[in-house]
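For reference, the chains in residue letters:
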Amino acid sequence: MVVFAQLHAQNHKITELSNVFMYLVRERSMCDTDVACDVFFDLTNRVKEHMELVDRELCGKLISHPDQSVKNTASRFLSGSTEIKRIFSSYVKEWCSHKRHALTISDHASFMQDTEQMFALVMDRLQRETEHLYPLIRKLEDSDKQVA
């Protein structure tokens, strides 16, 4: 399984970048800076990579576990992932141009509302992983060690 230190490091970096990005873009003039764009693209890439890692390495393996409650937990996280990815993709498409490596903000108030909602959703997901998914995996790994 994935090393928990790696997952926690990803969570920490995503949280850090999210906080920095939110701080920067509150001021409209900062939205057009290279720094804000760099933080945005780094953040969005890290969120995507983290979601894929959790889906593949954790949920993908838990879905085949014999215990139905474990399967259900994995299934809930996978379906949540699908929805977050859909919303995230729409958010990125709405507010940035990959081609120009720029944010495309015509209405700052709408951008801020969407950004706050998007990153609240991401932060909630990271918290649920930390509080529910990681402890479940640790528990399963401990019981596997005891059986062996």
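About the criteria used
- Residues numbered from 1 in each chain as written.
- Predicted model: local features only at pLDDT ≥ 70, side-chain atom pairs only at ≥ 80, totals over all residues.
- Heavy atoms only, no water.
- Helix = DSSP H or I, 4+ residues; strand = E, 2+ residues; numbered from the N terminus.
- Buried < 20%, exposed > 50% of the residue type's maximum accessible area, 1.4 Å probe, protein only.
- Contact = heavy atoms within 4.5 Å.
- Salt bridge = Lys/Arg side-chain N within 4 Å of Asp/Glu carboxyl O.
- Phe/Tyr/Trp six-rings, centres within 6.5 Å; stacked < 30°, edge-to-face > 60°.
- Expected span 1.5 Å × (residues − 1).
- Bend = angle between axes of the 7 residues up to and from the residue.
- Core = buried A, V, L, I, M, F, W, Y, C linked by side-chain atoms within 4.5 Å.

Labelled according to an unreviewed UniProt entry, the protein chain appears under the name Hemerythrin-like domain-containing protein, originating from Thiorhodococcus drewsii AZ1.

Enquirer: In this structure, what is going on with the overall build of the protein chain? I would like to understand it.
Expert: Looking only at helices and strands, one finds 4 helices and 2 strands in the protein chain. Along the chain direction, N to C, the helices and strands of the protein chain fall in the order α-α-α-β-β-α. Expressed as lengths along the three principal axes of its C-alpha atoms, the size of the protein chain is roughly 60 × 25 × 25 Å. Out of the 148 residues belonging to the protein chain, those deemed buried represent 39%. Considering only residue pairs separated by 6 or more positions, the protein chain has 75% of its internal contacts joining residues 24 or more positions apart.

Enquirer: Explain the pattern of salt bridges here, please?
Expert: Should their charged atoms come close, side chains of opposite charge can pair. Applying the stated criterion to the full structure yields 11 salt bridges. A salt bridge links D42 to R46; its shortest N-O distance comes to 2.9 Å. Here D42 and its partner R46 are both found in helix α2 (residues 34-62), 4 residues apart, which amounts to about one turn of the helix. R128 is the salt-bridge partner of D124, the closest N and O atoms lying 3.0 Å from each other. Of this pair, D124 and R128 are both found in helix α4 (residues 108-147), 4 residues apart, which corresponds to roughly one turn of the helix.

Enquirer: Whenever I open this one, the packing of aromatic side chains confuses me. Can you help?
Expert: To describe a pair of aromatic rings, one takes the distance between the centres and the angle between the planes. Overall, the coordinates contain 10 aromatic pairs when judged by the stated rule. Measuring from ring centre to ring centre gives 6.4 Å for F88 and F119, while their planes differ by 85°; the resulting arrangement is edge-to-face. Residue F88 is found in helix α3 (residues 68-95), and its partner F119 is found in helix α4; the two are separated by 31 residues along the sequence. Using a relative accessible area of 3% as the deciding quantity, one classes F119 as buried. By way of ring pairs, the aromatic residues F21, F40, F41, F88, Y91, W95, F111 and F119 are connected into one cluster.

Enquirer: Help me understand the side chain of T73, please; the structure alone is not making it clear to me.
Expert: Note on placement: T73 falls in helix α3. If we ignore the near neighbours within four places in the chain, the residues touching T73 are L133 and L136.

Enquirer: I would appreciate a short explanation of α2 in the present structure.
Expert: Owing to its 3.6 residues per turn, the α-helix brings residues three or four apart onto one side. Compared with the 42 Å implied by 1.5 Å per residue over 29 residues, the 41 Å span of α2 between its first and last C-alpha is a close match. Along its length, α2 reaches its greatest deviation from straightness, about 30°, at D55.

Enquirer: Is there a simple way to think about the environment of D124 in this case?
Expert: Under the relative-accessibility criterion, D124 is labelled partly exposed at 36%. In the structure, D124 is positioned 113 residues away from N11 in sequence and 11 Å away in space, judged by C-alpha atoms.

Enquirer: Would you explain unusual backbone geometry in this entry?
Expert: Generally, phi is negative for residues other than glycine and the peptide bonds are trans, each holding for most cases. Even without a glycine there, the phi angle at H101 is positive, about 50°. By the secondary structure assignment, H101 is in the loop between β1 (96-97) and β2 (102-103). Look at H101 and you get partly exposed, because its relative accessible area is 36%.

Enquirer: Sorry, what's going on with the nonpolar core here?
Expert: In globular proteins that are soluble, nonpolar side chains generally tend to be buried together. The biggest cluster of nonpolar side chains holds 29 residues, and the ones touching the most others in it are F21, F40, Y91, F111 and F119. Those elements that provide at least two residues to this core are α1 (4-25), α2, α3 and α4. Per element, the largest residue contribution to this core is 8 residues, and it comes from α2. Once residues lying within four places of it in the same chain are set aside, the contact partners of F21 are A36, V39, F40, L43, Y91, L103, F111, T115 and F119. Ranked by size, the runner-up nonpolar core spans 15 residues in total, among them F4, L58, V70 and F77.

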